[in-house]
Amino acid sequence: MNGTKGVEPNNRGVTDGSRFVYEDPEPVTPAPDNGAGNPVPASRPSPDAFMPRPTRPFPISSRDENPKRGNWWNKIEFIFACIAVCNAHSTFSVLPYLVYSNGGGIFLAVVCILSILLMFPYFMLEMALGQFSSSGFISVWNFAPLFKGLGLVATLYLVLHNALSTVLSSFYLLYGFYTVSSETLPWVSCSNDWNTVHCYDGSSAMTSPGVVQQNVSLQNQGFSYQSGFYVDAQISPANEFASYLVINEQNDLTNIGGLKPNLVFGLLSTWGLVLFLTCLGAKLTGKVALVLLPITIILTFALLIRGATLDGAYEGLRFYFFVDKRHVGSLEFWRNAMGCVVSIGFLGAGIFSSLASYNKFHNNFCLDAFLVVLAVIVINIVRVLTVATLVGGHSRVANLDVGSIAGAGVEFLIVNMPQVLSTLPTATAWSCVYFATLFITTISSSVFVVQSLLTTFLDVFHLPHSWIFLLPTSGIICVLSFLISLPMVTESGYAVVGAIDAHLIVWATPFVAILLPLAAIWVYGTIPKWDILRLPQEMQIMVNFFPKLLQVIFLPFWAVIIPLVMVLYFCHSFIVSIRYLDQVSHPYWMGYIMLAIGIVPLFLIPIIVGIYQLVKQRRSYTYLTNLFWKAVRSSPEWGPAVEVHRQQAGYSNTDTNPHLLNCDIHYNPTTTSPTIYVPPPQGAVVYTHPPSHSPPPPAYNGYSELRSASPDSTKNISPAPSSVGSPGLPSTYPTPLAGSQVPPASPATVSATDTMGSNRVYPSPQLDYTTGAETDLGLSEQEDLPFINTSSHETTL
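In this text, all values refer to a predicted model and were calculated from it rather than measured experimentally.

**Digging into the packing of helix H12 (residues 331-345) against helix H22 (residues 548-579)**
Step number 1: Where H12 contacts H22, the axes come no closer than 10 Å and their chain directions differ by 110 degrees. Taken together, H12 and H22 sit at an angle that is classed as roughly perpendicular. In this structure, the crossing between H12 and H22 has a hand that is left-handed. For the pair H12 and H22, contact is made by Leu 331, Glu 332, Arg 335, Met 338, Gly 339 and Val 342 and by Val 565, Met 566, Tyr 569, His 572, Ser 573 and Val 576, respectively.

Structure representation (structure tokens):
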């Protein structure tokens, strides 16, 4: 091994775990001569020749840039993960309905334009914050800790949204199970055990005269089935299958009833699969994205091709994409378009910050955001085309109007579409393809929502992203989410789903999307000094190409346009929700309670967290204004995670936190603990030899003692001069050893006397120039005590 024949290096000598030390073996075989009578000297490898790769906890690899969190294996994983998040089932259920009910193709064109103008800049903002700080969405708010409660609001939204999504996944899984386990599709005939006398499949005569009352009962329970599936006031078998086996009949939120075993089994299976796909963090979910997303795209294109070959496909396309310009002037048109952008793009959920935190520091996230938005637009168009062609083909076969078949919501996906597919040749195969598409689409989105939650929780508690912490944390997240989902699979479970979707989770994302751009530009870019291009300039450091022209173009979107548009959308949605509140909730007063539960935490949680952030600064500041200015400044934890990137971005300990020592961490190869090297600031007078004692640091309220110190004084108090300057403080301070020329100590072996003597660097009393307050920042404060190990007389962490 790096030696000539006959020389076997001894790799047993390991001093500090950082390298192997070569030792000569006792017997040395004489080396052969070189043919000229001169022996060839045995080659001896250098001590650094046996440097092993650093060992990192699984699944973090040695090629990862961040040794604590790891990175995506390649950027394709990140792009696919972001597309999978936006690839939700709502593009099948809600978007086609909104297209044909709001002007057809012109509505879809407006949604695509808004995606480029709003979704693209917002994606860039979230990805930039996550990639720059390498942290989840709660820790991302370290750039303005006073608003960290907004990260908690977004996290709670993700928990509720994911619980709702997995319930819908269990619906699709249950439909797929019945599809593959039955000889014929169970929702095409009335010969099943769950069918009633009111069922009518077109082959039997109408029977019961009391069917109309049954229909009214179903409609009052929140089902929006279309009139085309009520054949002569009878109920179709697809309706009964959904009502009695999947969607429950009860709609009373005051008495949700018991659990339904089939739905509980489907929910448990869904969460088990999510846990299996997220148990190893980003290293596993990245591979999941590479597999699941192409599968959903292939299946969607297969359904599109099949629908395009049907006879009535053109009628469906004409119905869905017929342009009606009368809708453009209505507020409802623009509210629906913004709702599509917010729900499809997860604006304000913070999930893209968490996913981008696994990017390498110099990854071009601008290109990633553009590719994600472009892919989302294409997928949305393809899915609208798929639904339009399939519905149009069924209208020709069933001799029905396209409008009587088209619908919206989950009912359209599990009632109308199964009946549409049942008329196709090889209906069972195409039903399997359809429900597999819905299930994989929903489960892939849930996987990356759990990945975002996993990242957020690990970063909040400063835990490494190793399997020791990934496995239990992902298990806790999935178990708690499963318990939260249980009320949604009861007898009134679908009513609970509707209430959560309509009154709870609908407000969180636009609320956070309003304040995140404002805080990133107007707070982070103006405090402690006015630099409104601070975030764009840090983007330039990461991507190496973000010129001033692009910075000026995107800045108005972040600073004004996006917050203003989101405020208008939020206010109009709230007014509409109040107007129709008593029509969607049973009993009516439950709607007001659910709306209060959804709105009040949006303001209460940020206020409580903000008060906590103010209290954290109480030990050093007394006035409320001082506490506020300190709380809105970026915290010491903000900035790049890797030291070399912090230096590239201009971050240092003194810049971000005046309370910490101005120090760098060095690892001494002769010891097992890191030591602290304290470099002098620019312009400071550095004395080459410290005194034999370590005086306490000066308090800023004791300037008289500093001024009265004589050159012969044995109490050497020598704070470093401030670059800003302070009235009454001298620029240099005397010391009895000022004339000594003893060589300075090595940075690797700096002792306590080296760091606390005459060359000790103390922060300036005017560091906090946002408040003008002079504060005692000396080493005697409680927060600096962990940096000093008095027993070993060595400065250690």
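**Things to note about helix H1 (residues 75-86)**
Note on helix geometry: an α-helix contains 3.6 residues per turn, so any two residues three or four positions apart are oriented the same way.
Step number 1: With twelve residues, H1 should cover 16 Å at 1.5 Å per step; its first-to-last C-alpha distance of 17 Å lies within 8% of that length.
Step number 2: With nine of twelve residues buried, H1 is to be regarded as a mostly interior element.
Step number 3: Every buried residue of H1 is accounted for by Glu 77, Phe 78, Ile 79, Ala 81, Cys 82, Ile 83, Ala 84, Val 85 and Cys 86.
Step number 4: Between the side-chain oxygen of the N-cap and the backbone nitrogen of Ile 76 there are 3.2 Å, and the N-cap of H1 in question is Asn 74.

**Re helix H18 (residues 467-485)**
Step number 1: For H18, which comprises 19 residues, the first-to-last C-alpha distance of 26 Å matches the rise-based estimate of 27 Å (1.5 Å per residue) to within 8%.
Step number 2: Those residues of H18 not exposed but buried are Leu 470, Thr 473, Ser 474, Gly 475, Ile 477, Cys 478, Ser 481, Phe 482 and Ser 485.
Step number 3: Packed against the buried residues of H18 are helix H6 (149-181), helix H9 (261-278) and helix H17 (427-460).

**What to know about the environment of Lys 68**
Step number 1: Tracing the backbone through its elements, the reader meets Lys 68 in the loop between strand S2 (20-21) and H1.
Step number 2: The contact partners of Lys 68, leaving out residues within four places of it in the chain, are Ile 60, His 462, Leu 463, Pro 464 and His 465.

**Thoughts on the pattern of salt bridges**
Step number 1: Counted according to the given criterion, the structure contains eight salt bridges.
Step number 2: Measuring nitrogen to oxygen at the nearest pair gives 3.7 Å for the salt bridge that ties Arg 534 to Glu 538. Separated by four residues within a single helix, Arg 534 and Glu 538 lie in helix H21 (residues 534-543), roughly one turn from each other. Neither Arg 534 nor Glu 538 differs from the other in exposure class; each is buried.

**Remarks on the state of the cysteines**
Step number 1: Counted according to the given criterion, the structure contains one disulfide.
Step number 2: The residue that forms a disulfide with Cys 190 is Cys 199, at a sulfur-sulfur distance of 2.0 Å. Note on the Cys 190 and Cys 199 pair: the S-S dihedral is about -75 degrees, so by sign convention the disulfide is left-handed.
Step number 3: Given a relative accessible area of 21%, Cys 190 falls into the partly exposed group.
Step number 4: When its relative accessible area of 7% is taken as the criterion, Cys 199 is described as buried.

**Some remarks on the packing of aromatic side chains**
Step number 1: Counted under the stated rule, the structure contains 37 aromatic pairs.
Step number 2: Measuring from centroid to centroid gives 5.9 Å for Phe 177 and Tyr 178, while their planes differ by 75 degrees, and the two rings are edge-to-face.
Step number 3: The ring of Trp 73 carries the charged tip of Arg 63 above its face, separated from the ring centre by 4.0 Å.
Step number 4: For the cation-ring pair, Arg 69 lies above Tyr 358, with the distance from its terminal atom to the ring centre recorded as 4.7 Å.

**A closer look at the confidence of the model for the protein chain**
Step number 1: Mean pLDDT over the protein chain: 76, with 69% of residues reaching 70 or higher.
Step number 2: Within the protein chain, helix H7 (residues 211-220) has the poorest average pLDDT of any element, 33, and helix H13 (residues 351-356) the best, 96.
Step number 3: Low pLDDT, under 50, characterises residues 204-233; the predicted model gives this stretch 61 contacts beyond four residues in sequence or across chains.

**As for the environment of His 462**
Step number 1: Looking at the secondary structure, you find His 462 in the loop between H17 and H18.
Step number 2: Residues His 462 and Lys 68 lie 394 residues apart in sequence; the distance between their C-alpha atoms is 9.7 Å.
Step number 3: Apart from residues no more than four positions distant in its own chain, His 462 is found in contact with Lys 68 and Glu 637.

**Some points on the nonpolar core**
Step number 1: Membership of the largest hydrophobic core comes to 191 residues, with the highest contact counts inside it found for Phe 123 and Phe 143.
Step number 2: Sort the elements by how many residues they give to this core and helix H4 (residues 105-133) lands first, with 17 residues.
Step number 3: Setting aside its immediate chain neighbours within four residues, Phe 123 contacts Cys 86, Gly 345, Leu 347, Phe 352, Ala 369, Val 372 and Val 373.

**So, the side chain of Ser 353**
Step number 1: For Ser 353, the position within the fold is in helix H13.
Step number 2: Residue Ser 353 is classed as buried on the basis of its relative accessible area, which comes to 0%.
Step number 3: What Ser 353 contacts, discounting residues up to four positions off in sequence, is Glu 126, Gly 130, Ser 135, Phe 137 and Val 140.

**Thoughts on a nonpolar patch on the surface**
Step number 1: Side chains of Trp 522, Trp 530, Val 560, Ile 561, Leu 564 and Leu 568 sit close together on the surface and give an oily, nonpolar patch of about 630 Å² of accessible area.
Step number 2: Per-element tally for the nonpolar patch: the top contributor is H22, with four residues.
Step number 3: Tracing the chain through its elements places Trp 530 in the loop between helix H20 (508-523) and H21.

**What about unusual backbone geometry?**
Step number 1: In this structure, Pro 528 follows Ile 527 across a cis peptide bond, with omega equal to 10 degrees.
Step number 2: One non-glycine residue, Phe 346, adopts positive backbone phi at about 50 degrees.
Step number 3: Residue placement: Phe 346 occurs in the loop between H12 and H13.
Step number 4: Phi at His 462 is positive, roughly 55 degrees, even though this residue is not glycine.

So, how was this worked out
Residues numbered from 1 in each chain as written. Predicted model: local features only at pLDDT ≥ 70, side-chain atom pairs only at ≥ 80, totals over all residues. Heavy atoms only, no water. Axes fitted to C-alpha atoms, helices over the stretch in contact; angles between N-to-C directions. Helix = DSSP H or I, 4+ residues; strand = E, 2+ residues; numbered from the N terminus. Parallel < 35°, antiparallel > 145°, perpendicular 65-115°, else oblique. Left-handed = near helix turned anticlockwise from the far one by under 90°. Contact = heavy atoms within 4.5 Å. Expected span 1.5 Å × (residues − 1). Buried < 20%, exposed > 50% of the residue type's maximum accessible area, 1.4 Å probe, protein only. Polar contact = N/O pair within 3.5 Å; in protein donor to acceptor, adjacent residues only side chain to side chain. Salt bridge = Lys/Arg side-chain N within 4 Å of Asp/Glu carboxyl O. Disulfide = S-S within 2.5 Å. Phe/Tyr/Trp six-rings, centres within 6.5 Å; stacked < 30°, edge-to-face > 60°. Lys NZ or Arg CZ within 6 Å of the ring centre and 35° of its normal. pLDDT = per-residue confidence, 0-100. Core = buried A, V, L, I, M, F, W, Y, C linked by side-chain atoms within 4.5 Å. Patch = residues over 30% accessible without salt bridge, like charges linked within 9 Å, V, L, I, M, F, W, Y side chains within 5 Å. Areas by Shrake-Rupley, 256 points an atom, 1.4 Å probe, with all protein chains shown as cover.

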